[in-house]
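Spelled out from the first residue to the last, the chains are:
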Amino acid sequence: MLAGGIVALKQETIGTLVVHLHGEKEETAKAIAYLEEQGVKVEGVEVTHV
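Residues numbered from 1 in each chain as written. Predicted model: local features only at pLDDT ≥ 70, side-chain atom pairs only at ≥ 80, totals over all residues. Heavy atoms only, no water.

Enquirer: Quick rundown of the overall build of the protein? Include the residues and the values.
Expert: A tally of regular secondary structure across the protein gives one helix and two strands. For the protein, the N- to C-terminal ordering of α and β elements is β-β-α. Whereas a compact globule of 50 residues would reach a radius of gyration of roughly 10 Å, the protein reaches 13 Å, over 25% beyond that. Principal-axis analysis of the C-alpha atoms places the extent of the protein at approximately 40 × 30 × 15 Å. A total of 50 residues make up the protein; the buried ones form 2% of that total. As presented, the protein carries roughly 5200 Å² of accessible surface, and 56% of it is formed by carbon and sulfur atoms. Positive and negative side-chain charges of the protein, numbering 4 and 8 respectively, have mean locations separated by a distance of 7 Å. (Helix = DSSP H or I, 4+ residues; strand = E, 2+ residues; numbered from the N terminus. Rg over C-alpha atoms; globule rule 2.2 N^0.38 Å. Buried < 20%, exposed > 50% of the residue type's maximum accessible area, 1.4 Å probe, protein only. Areas by Shrake-Rupley, 256 points an atom, 1.4 Å probe, with all protein chains shown as cover. Lys, Arg positive; Asp, Glu negative; His and termini not counted. Charge placed at Lys NZ, Arg CZ, Asp CG, Glu CD.)

Next comes the structure, spelled out in structure tokens:
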């Protein structure tokens, strides 16, 4: 986990969480699919080191 936060907006609470997934592409894809099945909105960002 790299960062996270929770914000209360009117009658709704929204949370964000930034994580770094490390592993085989097939395994990370399974993890992302599981989160999405649980109703989590997942946004992917690919990072390359220079």
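Enquirer: Got a sec to walk through the layout of surface pockets? Specific residues and values, please.
Expert: Size it by volume and the largest pocket reaches roughly 1200 Å³. Lining the largest pocket we find 26 residues, and of these V19, L21, E43, G44 and V45 sit closest to its centre. Going through the elements one at a time, β2 (12-18) and α1 (25-37) are the ones with two or more residues in the lining of the largest pocket. By residue number, the principal contributor to the lining of the largest pocket is α1, which donates six residues. Class assignment for the residues of the lining of the largest pocket results in 13 nonpolar, eight polar and five charged. (1 Å grid on protein atoms, 1.4 Å probe; cavity = no way out; pocket = protein on both sides within 12 Å on 5 of 7 lines; lining within 4 Å. Points joined across faces, edges and corners; volume = space filled by probe spheres on them. Nonpolar A, V, L, I, M, F, W, Y, C, P; charged D, E, K, R; others polar.)

Enquirer: So what about unusual backbone geometry? Which residues, and what values?
Expert: Although it is not a glycine, K10 adopts a positive phi angle of roughly 50°. Tracing the chain through its elements places K10 in the loop between β1 (3-9) and β2.

Enquirer: Before we move on, can you summarise α1 with the specific residues and values?
Expert: Counting along an α-helix, one turn takes 3.6 residues, and residues three or four places apart therefore face a common direction. Counted at 1.5 Å a residue, the expected span for α1 with its 13 residues is 18 Å, and the 18 Å between its end C-alpha atoms agrees. One or two positions beyond α1, positive phi appears at G39, with a value near 90°. (Expected span 1.5 Å × (residues − 1).)

Enquirer: Any chance you could break down a nonpolar patch on the surface for me, citing the residues and the numbers?
Expert: A surface patch of nonpolar side chains, about 440 Å² in accessible area, is lined by M1, L17, V19 and L21. A relative accessible area of 45% places V19 in the partly exposed class. (Patch = residues over 30% accessible without salt bridge, like charges linked within 9 Å, V, L, I, M, F, W, Y side chains within 5 Å. Salt bridge = Lys/Arg side-chain N within 4 Å of Asp/Glu carboxyl O.)

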